[in-house]
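Working through the structure, step by step
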Amino acid sequence: MIRLEINGKSYQVDVAPEVPLLWVIRERLKLTGTKFGCGIGMCGSCTVHIDGKAERSCQTPVGDAQGKKITTVEGLPESHPVKQAWIKEQVPQCGYCQSGQIMQAAALLSEDPRPSEAKIVEHMNGNLCRCGTYPRIKSAIRLASKGGAK
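Our subject in this report is the structure included herewith. The model shown is predicted, which means the values in this text are computed figures rather than measured ones.

What follows concerns the overall build of the chain. Looking only at helices and strands, the chain has six helices and five strands in total. Shown N-terminal to C-terminal, the secondary structure of the chain runs as helices and strands in the order β-β-α-β-β-α-β-α-α-α-α. In summary, the chain has a C-alpha radius of gyration of 15 Å against a globular reference of 15 Å for 150 residues, a match within 12%. Dimensions along the principal axes, computed over C-alpha positions, put the chain at roughly 45 × 25 × 25 Å. Counting across all 150 residues of the chain, residues that qualify as buried make up 45%.

We now examine unusual backbone geometry. With a phi close to 55 degrees, Asn7 is a non-glycine residue in the positive phi region. As for its placement among the helices and strands, Asn7 is situated in the loop between strand E1 (2-6) and strand E2 (9-13). Positioned with a positive phi, Gln90 is a non-glycine residue whose angle comes to about 50 degrees. Mapped onto the secondary structure, Gln90 falls in the loop between helix H3 (81-88) and helix H4 (98-111). Residue Gln90 is classed as exposed on the basis of its relative accessible area, which comes to 59%.

What follows is about H3. By the burial criterion, the buried members of H3 are Val82, Lys83, Ala85 and Trp86. One side of H3 holds all its buried residues, which, seen down the axis, span an arc of 165 degrees. Along its buried surface, H3 packs onto H4 and helix H6 (134-146). The first or second residue beyond H3 is Gln90, which carries a positive phi of 50 degrees.

There is a patch of nonpolar side chains on the surface, built from Trp23, Phe36 and Tyr96 and spanning about 250 Å² of accessible area. If you trace the backbone, Tyr96 turns up in the loop between H3 and H4.

Mapped onto the elements, Thr71 comes out in strand E5 (residues 69-71). Judged by relative accessible area, Thr71 falls into the partly exposed class, the value being 22%. As a C-alpha pair, Thr71 and Gly8 span 63 residues in sequence and 7.9 Å in three-dimensional space. If near-sequence neighbours (up to four positions away) are discounted, Thr71 is found in contact with Asn7, Val48, His49, Leu76 and Met103.

Rules and cut-offs
- The residue numbers shown here count from 1 along each chain, following its written sequence.
- Totals for whole chains, interfaces and linings use all residues, but because this is a predicted model, local features are given only for residues with pLDDT of at least 70 and pairs of side-chain atoms are given and counted only at 80 or more.
- Processing note: side-chain calculations cover all non-hydrogen atoms of the structure and skip hydrogens and water entirely.
- Secondary structure elements are taken from DSSP: a helix is a run of H or I of four residues or more, a strand is a run of E of two residues or more, and numbering for both begins at the N terminus.
- Radius of gyration means the value over C-alpha atoms here, while the globule rule gives 2.2 Å times the residue count to the 0.38 power.
- Note on exposure labels: buried denotes an accessible area under 20% of the residue type's maximum, exposed denotes more than 50%, and partly exposed covers the range between, all computed with a 1.4 Å probe on protein chains only.
- Of all possible arcs, the one meant is that of the directions from the helix axis to the C-beta atoms.
- By definition, residues are in contact when any of their heavy atoms lie within 4.5 Å.
- Patch definition: residues with relative accessible area over 30% and no salt bridge; like charges joined within 9 Å; nonpolar side chains (Val, Leu, Ile, Met, Phe, Trp, Tyr) joined within 5 Å.
- Exposure was quantified through the Shrake-Rupley algorithm and a 1.4 Å probe, taking into account, for residues, occlusion by the shown protein chains and nothing else.
- By definition here, a salt bridge exists when the distance from a side-chain nitrogen of Lys or Arg to a carboxyl oxygen of Asp or Glu is within 4 Å.

Listed below in structure tokens is the structure:
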């Protein structure tokens, strides 16, 4: 039995420790905001926070997440500056990658509340957007970092 803390709630799941955390989050716990994209940790659609750090849940064995605090996009409050900036800047187009983008951006701002343009690009570089909304993503991160999203 694996014990997890996700979005402040405790869960017990009967899965092998090597099962990817992504599948436990989506299939067992029905928290479907975290998306499956590539399955090899290259696109970022599955990004969640594990102990506050952005991690690819498709590459994280669920056993490695036991005893750590996991946050999915559902656990990030609607009032979070990144979520507010995403709305204000009208970032999503198709929206598929957005939960991973939001989680990656929130981790960046947690580490560096006022990142430079270069730091934003570097930190977000591993999260792919098929619709190419990168300029709006960067704009939303800048807005959230200045506190102007509300």
